[in-house]
There are 2 protein chains.
Amino acid sequence: MTFQEKLLQRTKSINDILYACLPEETGNAKSLYEACNYSILAGGKRIRPMLVLETYQLFLPNSSDEQRVVLHAFLSAIEFIHTYSLVHDDLPAMDNDMLRRGKPTTHAAYGEAMGILAGDALLTYAFEIISSAIASIDLFDNKNYQPSSEKFMQAAVRAMALFSNKSGMYGMIKGQVIDMEYTETYSSTGSDNKYEDSSKKKIDLPVLLEMYENKTSALLEASMLSGAILGGATKDELSVVDRLSRKLGLAFQICDDILDVEGSEEKIGKPVHSDDKNKKNTYVVLAGIENAKKMAEALTNECLELLDQLPGEKSFLKELFMFLLKREY
Amino acid sequence: MTFQEKLLQRTKSINDILYACLPEETGNAKSLYEACNYSILAGGKRIRPMLVLETYQLFLPNSSDEQRVVLHAFLSAIEFIHTYSLVHDDLPAMDNDMLRRGKPTTHAAYGEAMGILAGDALLTYAFEIISSAIASIDLFDNKNYQPSSEKFMQAAVRAMALFSNKSGMYGMIKGQVIDMEYTETYSSTGSDNKYEDSSKKKIDLPVLLEMYENKTSALLEASMLSGAILGGATKDELSVVDRLSRKLGLAFQICDDILDVEGSEEKIGKPVHSDDKNKKNTYVVLAGIENAKKMAEALTNECLELLDQLPGEKSFLKELFMFLLKREY
């Protein structure tokens, strides 16, 4: 099987899990469920759930039914959180995007108020799915106490705490606010300093990296770390996964910046040169294209070295990293 | 001490707990933390956390330090969720309110994009606070397994599952969507049928009650039920709390409708006749003022009877119900 076939197969399995927990489109709040499902069904490669699953399987290739229920809840939850963030990002008060993957965005299709409420609902539902799954863990088998179930419940609660931290005000949302406050645009009105914009604070490389770490990395970190925690990784292994996922997130964003400059629309499936058009500060703008490429290369190598330190069958994850980081430029 | 003094004292203690977990206003996403804190510090009587605490204490008047940490997380979380719902409700695409309790609403003070993000952050933080607190439960005391800690962890996870359910697409958000789809306005353009509005579906009493059950009751139910679960209530006791909190929520909303017609602005501290001005369908509009009063009276009595079936010291809760349900009309 080629990598593309393996990827497609995995996306399909994840979609099966994801679709199984979508709400029924019925009752007096039918339109809410339609808007939520519309947002999820708009597609995507499901990279984040895939990272949860693949990292989990490094540590625990064979799960019990009970473990699988909780794992599947985390897979679905991370995609719900990612999707809610896109739905809210697209709102008129935010990026004001009317199209995503060639289809009307949620607020374009269902109205602005529903865009806000559907995003809120997806976010809340993510935590509902996880906590209900954890609540279903049975600590007693025929009235005998099960230490392994208890250990798994503790791990799942820790993973949930990490999850909410990475998606909230100290993670993804923090990144969005830094983006909004600092980097939206740079001025091109003939000023000597092309990054000067009276309405925005001036960004430098450390702040840009802090923005990337939160806006892009945080959910990728949440994915790999929650997979590792659920899989029972040791403290040392978690530390490797932590460093690895941070580097992966950063590399992923820098590659995205490079692609926007050097990629072609047919190959990457979205408009190129959008950063330049939007006068958006990126790593390429601040550090230069050659440095960006060197940085992406170095980070990719570090990711692969860190991956080698982890146990389990890593061949697909390695290919997935290469796919995420070396895409067509 | 008068009831008003007791209420004030409790609000103050809850504020101490709440303020202790507010984010520091520092770093590159400072504005986000300011907006979040602004929304929380805007005040309120903290009825929902008070219901968590008072219900909990019916069942478990003396807590261990560990239990208190988790309890306090739930107190704070319910107020964060209530506050996020107000912040998003006030947005231009929703109710477009510029003032709340005499102060600019969050989006009026910080901009629309920040209103969206601060709401998202408060919601996510609610789950972060709860799950971190549950994750801190130590199941082993000097390496000895503690069944009571484990039982408490299980209860806390169940309470969190209920919490997210009641605030999400099958609870509060469902109610908001029904409100949006059905009841926003009735036409007053001389039509014989004063409830006819071409842009909205016609509402009847069952749908209105479903809307109240979700939009208003759901968070009150979440408060009392999570308090009871954390306090270790039995199945039968939970069933009483469930019925009680539903009736309380419904009575609370109907009293609010009555007050809007018959109250005075000085006494209730907010503008009256707003429903009529907004041509909003309410229980008073659909059932008539006399039936509304009878219904409120009956529900209040049922609440007090159900409360009597619960254990513990109930005198403050009784006064609180009377305060919530018999306010100045």
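For the structure itself, consult the block above.
Here's what I pulled together on the structure shown here.

Cut-offs used in this document
Residues numbered from 1 in each chain as written. Chains lettered and ligands numbered in written order. Predicted model: local features only at pLDDT ≥ 70, side-chain atom pairs only at ≥ 80, totals over all residues. Helix = DSSP H or I, 4+ residues; strand = E, 2+ residues; numbered from the N terminus. Buried ≥ 20, exposed ≤ 12 C-beta atoms within 10 Å, placed from the backbone. Contact = placed C-beta atoms within 7 Å. Least-squares fit on C-alpha atoms with pLDDT ≥ 70 in both. Axes fitted to C-alpha atoms, helices over the stretch in contact; angles between N-to-C directions. Parallel < 35°, antiparallel > 145°, perpendicular 65-115°, else oblique. Left-handed = near helix turned anticlockwise from the far one by under 90°. Nonpolar A, V, L, I, M, F, W, Y, C, P; charged D, E, K, R; others polar. Core = buried A, V, L, I, M, F, W, Y, C linked by C-beta atoms within 7 Å. Expected span 1.5 Å × (residues − 1).

## Overview of the overall build of chain A
Looking only at helices and strands, chain A has 15 helices and 4 strands in total. In chain A, buried positions account for 48% of the 329 residues. The contacts in chain A between residues at least 6 apart in sequence include a share of 72% that link residues at least 24 apart.

## Observations regarding the relation of the copies chain A and chain B
When chain A is fitted onto chain B, the two copies agree to an RMSD of 0.0 Å after a turn of 180 degrees and an axial shift of 0.0 Å. Taken together, the rotation and translation relating the two chain copies correspond to the operation of a two-fold axis. A shared binding surface is used by both copies, with 100% of the interface residues of chain A retained as interface residues in chain B.

## Overview of the interface of chain A and chain B
Contacts between the two partners involve 47 residues from chain A and, on the opposite side, 47 residues from chain B. Among the elements of the structure, α2 (30-41), α6 (112-135), α7 (147-167), α8 (172-183) and α9 (205-230) of chain A are those that each provide at least two residues to the side of chain A that touches chain B. No other element matches the 15 residues that α6 of chain A contributes to the side of chain A that touches chain B.

## Regarding the packing of helix α10 (residues 235-262) of chain B against helix α14 (residues 289-308) of chain B
Residues and elements named next belong to chain B. Axis separation between α10 and α14 bottoms out at 9 Å; the angle between their running directions is 150 degrees. When the axis of α10 is compared with that of α14, the two are roughly antiparallel. Judged by the sense of rotation from one axis to the other, the crossing of α10 with α14 is left-handed. Contacts between α10 and α14 involve Val240, Arg243, Leu244, Lys247, Leu248, Leu250, Ala251, Ile254, Cys255, Asp257, Ile258 and Val261 from the first element and Ile289, Ala292, Lys293, Met295, Ala296, Leu299, Thr300, Glu302, Cys303, Leu306 and Leu307 from the second. For the contact of α10 with α14, the residue count by class is 17 nonpolar, 1 polar and 5 charged.

## Considering the nonpolar core
Formed by 194 residues in total, the largest nonpolar core has its most connected members in Leu32 and Phe74 of chain A together with Leu32 and Phe74 of chain B. Discounting residues that sit within four places of it in the chain, Leu32 of chain B has contacts with Met169, Ile173, Lys174 and Val177 of chain A together with Leu117, Ala118 and Ala121 of chain B.

## Brief notes about helix α4 (residues 65-89) of chain B
An ideal rise of 1.5 Å per residue puts 36 Å on 25 residues; α4 of chain B measures up with 36 Å between its terminal C-alpha atoms. With respect to burial, α4 of chain B is a largely interior element, 20 of its 25 residues being buried.

## With respect to the environment of Cys36 of chain A
In this fold, Cys36 of chain A is placed in helix α2. Excluding residues within four positions of it along the chain, Cys36 of chain A makes contact with Pro23, Ala118, Ala121 and Leu122 of chain A together with Met169 of chain B.

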